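Topology and contacts: notes
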Amino acid sequence: MNGEFRILLVCTANICRSAMAEVIVRAMLAGTGLSAATGSAGVHALTGHPMAPHALATLARLGLDGRAHRAWQLDPGLVGSADLLLTMEARHAAVAVGLDPAAARKTFTLPEFAALAAGTEQHHHRSDTAQRARAIVESAAGRRRRRPAPDVRDPYGGPPEGYDTCAKALGESLSHTLGALLGPR
């Protein structure tokens, strides 16, 4: 079960938050050595739609390109194939677990996982491996407490600055997440 570590990012329509997060995490993973696949989907996806214009503009200001993105609907196959599901809201996590109850231990809101994974040590696994990343997910699941998970605010329909704020929050949480998954650098 070494292979690729699969990260799935989930939001509502898959045209803003999870779409931006997918582009950001791919850029962050480039050159890290972790064999990872990333994807994104929406619980009420606008299937086939491109990323929202303000989201594209925000990514462009960061030097990233989201023009190839097309929205996907979350389904049981996507949930089952992921090693880690990072949702933008607790209600998205509930939908994912409803599609596949076995996904409960690998489904978190992005800010929740970033906080839980911080400081997790997996010294018996070499850094940059899918095996280490899976162990971090399992460790985070074991330390989860039943309290409301923090959400990533939806910028859709708001001013362009809201997308910038969202991208900054995504980047911070993804940085902490990848720091834990990848191990000491």
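Here is a short report on the structure shown in this document.

1. Points about the side chain of H92
Residue position: H92 is located in helix 4 (residues 90-99). Residue classification places H92 among the buried residues on the basis of a relative accessible area of 0%. Apart from residues lying up to four places away in sequence, H92 is in contact with V10, C11, T12, R17, V43 and T87.

2. Details of the packing of helix 6 (residues 130-143) against helix 7 (residues 160-182)
Where helix 6 meets helix 7, the closest approach of the two axes is 8 Å, and the angle between their N-to-C directions is 120°. Contacts between helix 6 and helix 7 involve R132, A133, I136 and V137 from the first element and A180, L181 and L182 from the second.

3. So, the sheet that holds strand 4 (residues 107-109)
Taken together, the four strands give an open sheet; going across it, the order is 2-1-3-4, and neighbouring strands pair in parallel fashion. Either end of the sheet is taken by a strand with one partner, and the two such strands are strand 2 (36-42) and strand 4. Across the sheet, the axes of successive neighbouring strands diverge by a mean angle of 25°, strand direction being ignored. For strand 1 (residues 5-11) and strand 2, the ladder comprises seven bridges, and the chain directions are parallel. What sits directly across from C11, in strand 2, is G42. Here helix 5 (residues 110-117) sits on the sheet and contacts strand 3 (84-87) and strand 4; the angle it forms with strand 4, its principal contact strand, is near 100°.

4. Re the nonpolar core
With 44 residues, the main nonpolar core has F113, L170 and L181 as its most contacted residues. Contributing elements (two or more residues each) for this core: strand 1, helix 1 (17-29), helix 2 (53-61), strand 3, helix 5, helix 6 and helix 7. In terms of residues, this core owes the most to one element, helix 7, which gives nine residues. Leaving out residues up to four positions away in the same chain, L181 has contacts with F5, I7, L84, F113, R132, A133, I136 and V137.

5. Section: unusual backbone geometry
Phi at N14 is positive, roughly 65°, even though this residue is not glycine. Mapped onto the elements, N14 comes out in the loop between strand 1 and helix 1.

6. As for helix 1
The end-to-end C-alpha distance of helix 1 is 18 Å, a good match for the 18 Å that 13 residues give at a rise of 1.5 Å each. Every buried residue of helix 1 is listed here: R17, S18, A19, M20, A21, E22, V23, I24, V25 and L29. On its buried side, helix 1 packs onto strand 1, strand 2, helix 2, helix 4 and helix 7. Of the residues one or two after helix 1, G31 is the one with positive phi, at around 80°.

7. Quick look at the pairing of strand 1
Counting buried residues along strand 1, six of its seven residues qualify, which places the element largely inside the surrounding structure. Once you follow strand 1 into helix 1 and on to strand 2, the crossover reads as right-handed. When strand 1 meets strand 3, the two strands line up parallel, connected through four bridges. Residue L9 lies in a different strand from strand 3, and its bridge partner there is L86.

8. Remarks on the state of the cysteines
Applying the stated rule across the entire model yields zero disulfides. Lacking any disulfide linkage, C16 is separated from the closest cysteine sulfur, that of C11, by 6.9 Å. The exposure class assigned to C16 is buried, which follows from its relative accessible area of 4%. In this model C166 remains outside any disulfide bridge; the closest cysteine sulfur is found in C16, 7.6 Å from its own.

Cut-offs applied
- Residues numbered from 1 in each chain as written.
- Predicted model: local features only at pLDDT ≥ 70, side-chain atom pairs only at ≥ 80, totals over all residues.
- Heavy atoms only, no water.
- Helix = DSSP H or I, 4+ residues; strand = E, 2+ residues; numbered from the N terminus.
- Buried < 20%, exposed > 50% of the residue type's maximum accessible area, 1.4 Å probe, protein only.
- Contact = heavy atoms within 4.5 Å.
- Axes fitted to C-alpha atoms, helices over the stretch in contact; angles between N-to-C directions.
- Pairing = 2+ DSSP bridges.
- Core = buried A, V, L, I, M, F, W, Y, C linked by side-chain atoms within 4.5 Å.
- Expected span 1.5 Å × (residues − 1).
- Right-handed = clockwise from strand over helix to strand, strands pointing away.
- Disulfide = S-S within 2.5 Å.

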